[in-house]
Amino acid sequence: MQHDKVITSIDWAPRTNCIVTASQDRNAYVWSQSPNAETGQMAWKPTLVLLRVNRAATFVRWSPNEDKFAVASGARAIAICSFDPENNWWVSKQLKKPIRSTVLSVDWHPNNVLLAAGSADMKARVFSAYIKDVDKRPAATVWGEKLPFNTVCGEYASPAGGWVHAVGFSPSGDVLAFASHDSSVNIVYPGGPTVYSIRLQSLPHVTLTWTAEDTIVAAGHDCQPVVYSGNATGWSLVGSLDDASGASKTGTGRSGAVGRLNSAAFNTFRNADTRGHTAEMATDTELHTIHQNTITGVRAYSLDARGAVTRVSTSGVDGKLVIWDVSTVSVGGLAGKLGAMRV
């Protein structure tokens, strides 16, 4: 029992130590550790999830209480999954209306009931994912009071009509941020409602996370994590966690050899072997950033005693996993690309 196509998303529940995976094979599995009957060693064993979708699963996230999870899909639906102990499998209820295209990302509200979703129909939405037998009746929030399943608590369009790649609730759950393919980052205060849109001249972000109630780290096709800061009166770009000026990345970003092997002759032969480059071809194709390709994920990595995020991790298409200190922000590397942003 395992996936037979590309795994599109994975998430780990730290308290229960369970992993959930979603795949293009239209399936999801919950993996938990148990002793192997033959060897006695701990092994990961899958539990079936009844998704009931007819298109690929695209994204998955555990709820804060780790008693359910949401699976986005290309079937214009989000499966909200909870455990059925009688049959020892996970069952799902689907959020469908008014989704009109593939759902690309989801994020849970701290109350374990509300769910934000971004989709290719150029909308970010907030749904109620309340399940009677699983959830306690939620308290009133800025998103609403009565929250039966599939209630749409908010719907927000991308400013210039781009796919919504990433969504995220603030730590309090009172603010929503989403990034879309029109190179915009949008922060929503539903009480107004007020939406602050930051338009960039750089490539679009595809992932984001909140590190505090007033700070967001976003990343994507520009290959560097970018920091935004603000409050209910306005938002602005602060800088990058990566010093993209180029001077300090000569050794850090390169994966080549060091010492006597780090010579022009050796590099010529290595590039011809690994990249197909000849001496006549330009070989200086390395970006002046640590990541050398699109950053696909940014997640909180460590917290301080107050619960504030102190470090984040990023992973990308280049196969790198990088840990960043959120207090170290570089402004110089962004001056050229982001200087003409509009808020």
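Sequence order as written defines residue numbering, which begins from 1 separately in each chain. Local features in this predicted model are restricted to residues whose pLDDT is 70 or higher, and side-chain atom pairs enter the listing and the counts only when it is 80 or higher, whereas totals over whole chains, interfaces and linings include all residues. Side-chain numbers come from the whole structure's heavy atoms, not from hydrogens or water.

Caption draft 1: The overall build of the protein chain, seen in detail. Here a strand is any run of E in DSSP of at least two residues, a helix any run of H or I of at least four, and the numbering for each starts at the N terminus. When you go through the protein chain residue by residue, the secondary structure sums to three helices and 23 strands. Accessibility here uses a 1.4 Å probe with only protein chains present; expressed as a share of the type maximum, an area under 20% marks a residue as buried, one over 50% as exposed, and anything in between as partly exposed. A buried classification covers 46% of the 343 residues belonging to the protein chain. Long-range contacts, defined here as pairs at least 24 residues apart, represent 48% of the contacts in the protein chain between residues at least 6 apart. The accessible surface values rely on the Shrake-Rupley method and a 1.4 Å probe; as for residues, cover is taken only from the protein chains in view. Carbon and sulfur atoms provide 52% of the accessible area of the protein chain, an area that totals close to 17,000 Å². Here, two residues are considered to be in contact whenever any of their heavy atoms come within 4.5 Å of each other.

Caption draft 2: How the structure looks around the pattern of salt bridges. The salt bridge definition used is simple: a Lys or Arg side-chain nitrogen within 4 Å of an Asp or Glu carboxyl oxygen. Applying the stated criterion across every chain, the model contains six salt bridges. Across the salt bridge formed by Lys-123 and Glu-155, the nearest N and O atoms sit 3.5 Å from each other. Of this pair, Lys-123 sits in strand S11 (residues 123–128) while Glu-155 is found in strand S12 (residues 152–157), placing the two residues 32 residues apart along the sequence. Its relative accessible area of 23% is what places Lys-123 among the partly exposed residues. Arg-125 is the partner of Glu-155 in a salt bridge, and the nearest nitrogen-oxygen pair spans 2.8 Å. Of this pair, Glu-155 sits in strand S12 while Arg-125 sits in strand S11, and the two are 30 residues apart along the sequence. Classification of Arg-125 as buried rests on a relative accessible area of 4%.

Caption draft 3: Here's a closer look at unusual backbone geometry. Across the junction of Lys-97 and Pro-98, the peptide omega takes the value 0°, indicating a cis bond. With respect to the helices and strands, the residue Pro-98 is situated in the loop between strand S8 (89–95) and strand S9 (103–108). Within the chain, Asn-17 stands out as a residue other than glycine whose phi angle is a positive 55°. The residue Asn-17 is located in the loop between strand S1 (7–13) and strand S2 (18–23) in this model.

Caption draft 4: Looking closely at the nonpolar core. Ile-187, Leu-208, Trp-210, Ile-216, Tyr-228 and Trp-235 are the most contacted members of the largest nonpolar core, which has 18 residues in total. Per-element tally for this core: the top contributor is strand S15 (residues 184–189), with three residues. Every residue in contact with Leu-208, bar those within four places of it in the chain, is listed here: Ala-166, Val-167, Gly-168, Ala-177, Phe-178, Ala-179, Ile-216, Val-217, Ala-218 and Val-298. Within the second largest apolar cluster, 17 residues are counted, among which are Ala-22, Ala-28, Leu-51 and Trp-90. We call a set of buried residues a nonpolar core when its members are Ala, Val, Leu, Ile, Met, Phe, Trp, Tyr or Cys and they connect through side-chain atoms within 4.5 Å of each other.

Caption draft 5: Highlighting the sheet that holds S1. A sheet is described by the order of its strands in space; here four strands give the open sequence S1-S2-S3-S4, paired in antiparallel fashion. Each end of this open sheet is capped by a strand with a single partner; those strands are S1 and strand S4 (42–48). Adjacent strand axes in the sheet meet at a mean angle of 25°, parallel and antiparallel pairs treated alike. In this analysis, strands are considered paired if DSSP registers two or more bridges between them. The pairing of S2 with strand S3 (residues 28–35) spans four bridges and is antiparallel. Interaxial angle, 0 to 180 degrees, is taken between N-to-C directions of lines fitted to C-alpha atoms, where a helix line uses only the stretch in contact.

Caption draft 6: Inspection of the packing of aromatic side chains at higher detail. Side-chain rings of Phe, Tyr and Trp, where Trp is taken by its six-membered ring, are said to pair if the distance between their centres is within 6.5 Å; with planes under 30 degrees apart they count as stacked, over 60 as edge-to-face, and otherwise as tilted. Applying the stated criterion to the full structure yields eight aromatic pairs. When the ring of Phe-69 is compared with that of Trp-90, the centres are 5.1 Å apart and the planes differ by 50°; the resulting orientation is tilted. Residue Phe-69 is found in strand S6 (residues 68–73), and its partner Trp-90 is found in strand S8; the two are separated by 21 residues along the sequence. Classification of Phe-69 as buried rests on a relative accessible area of 0%. Here the aromatic rings of Trp-210 and Trp-235 are separated by 5.7 Å at their centres, their planes lie at 85°, and the arrangement is edge-to-face. Note that Trp-210 is positioned in strand S17 (residues 205–212) and Trp-235 in strand S20 (residues 234–240), a separation of 25 residues in sequence. With a relative accessible area of 7%, Trp-210 lands in the buried category.

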